[in-house]
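Listed below are the residues making up each chain.
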Amino acid sequence: MKTYKSILILVAFVFVLPVLNASNPFWGVTGHRTIGKIAEDYLSSKAKRKIEELLDGQSLALVSTFGDDIKSDKRYNEFYTWHYINMPFDVKYEDSEKNENGDLVSGIEKCKQVLLDKNSKKEDKVFYLKLLVHLIGDLHQPMHVGRSEDKGGNDIQVRWFNDGTNLHSVWDSKMIEHYNMTFTELAGNTDKISKEQIKYLQNGTVADWANETQQLAIKVYGSAEVGEKLGYNYMYTNFELVRSQLQVGGVRLAQVLNTIFS
Ligand code: ADE
Ligand code: ZN
Ligand code: ZN
């Protein structure tokens, strides 16, 4: 009996715990859902109605993870590069060498195009709407607009408290998980912003927003050394930016949807 128990514990350590602990290489589910939930508060009633029709009543928060869910299905491999843009620090999107398979900005534009086309089939509109909700989220994760050399920080190994991880993952999910709020709690505890601030945030093109996120990425690259142990102090210094990006992402997602469904 004792041996049986020891084997069970051993199996848990060797096989189960590493899986539970595996890092999710994308703006984690909580980040995406928070952005979807915040956007719902800023939708026009017309946009809300048309979106409800397309999504059969599913919420933006629910469909926000769709872009990552389909990554496990090879049929959707063509969308892989749409989740990020890699640009050198001194190059703006307009002047950057484009990924021929598409990137975050061109991906978002493609989604908008399908949704605006009267001749698009409903199932295509549903697919690209779900993808759009996801990609506007990714556009606000600084490390999704990072450098190609280190794959947006995926190749920059750091420690998160006592676990080995990378800088991309810290910004996708480690900090949000550590903060330990659900997506509804995060969405319900945003900072107050004025009508003028909302207007200011919703101004500009998708490329402008990508350039803005790139500036944040440059700061994030400067925030940690390779191999550094990050923890409480990193949270204290950086989590306000995560909260702010989730809010800005939500406000802008609503703007994009209000314009499409006007
Ligand atoms: N995810 C996978 N590859 C990436 C890259 N090159 N930049 C940012 N995020 C990524
Ligand atoms: Zn990511
Ligand atoms: Zn993604």
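Residues numbered from 1 in each chain as written. Chains lettered and ligands numbered in written order. Predicted model: local features only at pLDDT ≥ 70, side-chain atom pairs only at ≥ 80, totals over all residues. Heavy atoms only, no water.

A few points about the coordination of the zinc ion (ligand 2)
Four donors placed tetrahedrally around a metal ideally meet at 109.5 degrees, and six donors placed octahedrally ideally meet at 90 or 180 degrees. Looking at the metal site, the zinc ion (ligand 2) is ligated by His-144 (NE2), His-168 (NE2), Asp-172 (OD) and Asp-172 (OD), spaced 2.0 to 2.5 Å from it. Around the zinc ion (ligand 2), the four donor atoms are arranged such that angles at the metal cover 54 to 148 degrees; this shape is classified as irregular. All donors of the zinc ion (ligand 2) belong to a single chain; written as a sequence motif, their spacing is H-x23-H-x3-D. (Donors = N, O, S within 2.8 Å, 3.2 Å for Na, K, Ca; no water. Tetrahedral: all angles 85-135°; square planar, octahedral: opposite > 155°, others 65-115°.)

A closer look at the site of ligand 1
The local shell around ligand 1 consists of Tyr-80, Tyr-84, Asn-86, Met-143, Lys-151, Gly-152, Asn-154 and His-168. Note that a nitrogen atom of ligand 1 is positioned 2.9 Å from one of the side-chain N or O atoms of Asn-86. Contacts to ligand 1 include Asn-154, whose side-chain N or O atom sits 3.5 Å from a nitrogen atom. For ligand 1, the accessible surface in isolation is 260 Å², of which the surrounding protein chains cover 89%. Grouping the constituent residues of the shell around ligand 1 by class yields three nonpolar, four polar and one charged. (Near = heavy atom within 4 Å. Polar contact = N/O pair within 3.5 Å; in protein donor to acceptor, adjacent residues only side chain to side chain. Areas by Shrake-Rupley, 256 points an atom, 1.4 Å probe, with all protein chains shown as cover. Nonpolar A, V, L, I, M, F, W, Y, C, P; charged D, E, K, R; others polar.)

Looking at helix H3 (residues 45–54)
By the burial criterion, the buried members of H3 are Ala-47, Ile-51 and Leu-54. End-on view of H3: buried residues confined to an arc of 60 degrees, all on one side of the axis. Looking at H3, the residues exposed on the side facing more than 90 degrees away from the buried face are Ser-45 and Glu-53. Looking at the buried side of H3, the elements it contacts are helix H4 (60–63), helix H6 (104–116), helix H7 (122–138) and helix H12 (232–260). At the exit of H3 stands Asp-56, carrying a positive phi of roughly 55 degrees. (Buried < 20%, exposed > 50% of the residue type's maximum accessible area, 1.4 Å probe, protein only. Helix = DSSP H or I, 4+ residues; strand = E, 2+ residues; numbered from the N terminus. Arc of directions from axis to C-beta. Contact = heavy atoms within 4.5 Å.)

Thoughts on the pattern of salt bridges
According to the stated counting rule, one finds nine salt bridges in the structure shown. Close ionic contact of Asp-68 with Lys-71 constitutes a salt bridge, the shortest N to O distance being 3.2 Å. Residue Asp-73 is joined to Arg-75 by a salt bridge in which the shortest nitrogen-to-oxygen separation is 2.7 Å. The class of Arg-75 is exposed, set by a relative accessible area of 63%. When salt bridges with common partners are traced through the structure, they connect Arg-147, Glu-149 and Asp-150 into a single cluster. (Salt bridge = Lys/Arg side-chain N within 4 Å of Asp/Glu carboxyl O.)

Notes on the side chain of Lys-130
Here Lys-130 is to be found in helix H7. With sequence-adjacent residues up to four places away left out, Lys-130 is seen in contact with Leu-55, Gln-58, Val-63 and Phe-66.

Thoughts on the coordination of the zinc ion (ligand 3)
All of the protein donors around the zinc ion (ligand 3) are His-83 (ND1), His-134 (NE2) and Asp-138 (OD); their distances to the metal are 2.0 to 2.2 Å. For the zinc ion (ligand 3), all donor residues lie on one chain, and their spacing in sequence is H-x50-H-x3-D. Between the two metal centres, the zinc ion (ligand 3) and the zinc ion (ligand 2), the spacing is 5.9 Å. Placement of the pair is His-134 and Asp-138 together in helix H7, with a separation of four residues, close to one helical turn. Neither His-134 nor Asp-138 differs from the other in exposure class; each is buried.

Observations concerning the packing of aromatic side chains
For the coordinates displayed, the defined rule picks out 13 aromatic pairs. Their ring planes at 50 degrees and their centres at 5.3 Å tell us that Phe-79 and Phe-127 sit as a pair that is tilted. A residue pair is termed long-range when its members are at least 10 positions apart, and Phe-79 in the loop between helix H5 (66–69) and H6 and Phe-127 in helix H7 qualify at 48 residues. The exposure classification of Phe-79 matches that of Phe-127, with both residues buried. Among the aromatic residues, ring-to-ring pairing joins Phe-66, Tyr-76, Phe-79, Trp-82, Phe-127 and Tyr-128 into one connected group. The ring centre of Phe-66 lies 4.9 Å from the NZ or CZ of Lys-130, which sits over that ring. (Phe/Tyr/Trp six-rings, centres within 6.5 Å; stacked < 30°, edge-to-face > 60°. Lys NZ or Arg CZ within 6 Å of the ring centre and 35° of its normal.)

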